[in-house]
Amino acid sequence: MNRYSDTDIAAVYRVIRERRDMRHFRPDPLGPALLERLLQAAHLAPSVGFMQPWRFIRISDAALRRQIHALVEAERIRTADALGERQDEFMRLKVEGILDCGEVLVAALMDGREHHVFGRRTLPEMDLASVACAIQNLWLAARAEGIGLGWVSLFDPAALGELLQLPPGAKAVAILCLGHVDAFYAKPMLEQEDWASRQPLAALLSENYWQNDASIRRE
C-alpha cells in the first residue's frame, strides 16, 4: 500500500495545522545536526523544471545581523506610513525576532534563472513559487522538531542584496528567524492580535469557473 499509517497521516495534518509564523524566540543556538536536518528538508522541496532556485545564506556574524535588523526596521516604519489609519496598530505588532532568535537565514533566488525555461516560459514567477515551497518544507520540519520559524518580508531586496553581496540577477526573498520558543501561539499571531482573521475555505473555492465570494456563500 502507498498510504501511510493513520498515525503518520495524523502527524502530517497536525504539523500543518499547528505551524505558526513565530516572532518570540529564546536565544539558545540550534545544534548543527538539527539545522542540517531542517535545511535538508527545505532542499527536498519540489521545484518547477527541477531548477532548485533556492539559495540559503546563514547569518553567523552578529554585526551583519544587526545591519539586517536595521534594514527591516526602516521598512517597518515605511510600511506603517503606507497603512494610513492602521499605522499605530501596526507599530504595536511585533513583526520579527531577528535579534532574539538562535539562527537567521536569508532565502534568495539564484542568479541565471533566465536559462531555466521548462515550466517558466509563460509563468516566470514559478521560480519564486519553488523557493516558497522550500521555505514551507523548512517551516513544517521545524514545527515537527519543536522549533519556531518566522518569515520576515519587510525589507528592500536591493539593499539586502547589496549587504549580502548577492550576484547580479539573484534576489533576496525572505529573512527567516529560526529558534527555540517557550510556546507556539494558539492561533496565528495576526489573528490572535485581531489584525486579520482566516477566511473560510468555501469563500476561496470555486468549481469549474470563477465565482465571487457572495455567490459561493449563497450555496
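This text goes with the structure placed above it.
Residues numbered from 1 in each chain as written. Predicted model: local features only at pLDDT ≥ 70, side-chain atom pairs only at ≥ 80, totals over all residues. Heavy atoms only, no water.

Colleague: How do you make sense of the layout of surface pockets when you look at a structure like this?
Modeller: Rolled over the atoms, a probe with the dimensions of a water molecule shows which regions are left empty. A volume near 510 Å³ is recorded for the largest pocket. Asp21, Arg23, Trp151, Met189 and Leu190 are, among the 22 residues lining the largest pocket, the residues nearest its centre. Broken down by secondary-structure element, the contributors of at least two residues to the lining of the largest pocket are strand S3 (147-152) and helix H7 (189-192). The residue makeup of the lining of the largest pocket, split by class, is 13 nonpolar, two polar and seven charged. (1 Å grid on protein atoms, 1.4 Å probe; cavity = no way out; pocket = protein on both sides within 12 Å on 5 of 7 lines; lining within 4 Å. Points joined across faces, edges and corners; volume = space filled by probe spheres on them. Helix = DSSP H or I, 4+ residues; strand = E, 2+ residues; numbered from the N terminus. Nonpolar A, V, L, I, M, F, W, Y, C, P; charged D, E, K, R; others polar.)

Colleague: Please explain the environment of Ile57 as it appears in this structure.
Modeller: With respect to the helices and strands, Ile57 occurs in strand S1 (residues 54-59). On the basis of relative accessibility, which here comes to 27%, the residue Ile57 falls in the partly exposed class. Sequence-wise, Ile57 and Pro200 are 143 residues apart; in three dimensions their C-alpha atoms are separated by 36 Å. Dropping the residues within four chain positions of it, Ile57 is found in contact with Val104, Leu105, Val106, Leu164 and Leu166. (Buried < 20%, exposed > 50% of the residue type's maximum accessible area, 1.4 Å probe, protein only. Contact = heavy atoms within 4.5 Å.)

Colleague: Teacher, can you tell me more about the pattern of salt bridges here?
Modeller: Scanning all chains against the criterion turns up 14 salt bridges. For Glu145, the salt bridge is made with Arg37, and the minimal N-O distance between the two is 2.9 Å. In this pair, Glu145 is assigned in the loop between helix H5 (126-144) and S3 and Arg37 in helix H2 (residues 32-43), connecting sequence segments 108 residues apart. (Salt bridge = Lys/Arg side-chain N within 4 Å of Asp/Glu carboxyl O.)

Colleague: Would you explain the environment of His24 in this entry?
Modeller: By secondary structure assignment, the location of His24 is in the loop between helix H1 (6-18) and H2. The spatial distance from the C-alpha of His24 to the C-alpha of Gly179 is 9.1 Å, given a sequence separation of 155 residues. Other than its neighbours up to four places away in sequence, His24 contacts Lys94, Val181, Tyr185 and Met189. Here the side chain of His24 touches Tyr185 through a polar contact of 2.6 Å, side chain to side chain. (Polar contact = N/O pair within 3.5 Å; in protein donor to acceptor, adjacent residues only side chain to side chain.)

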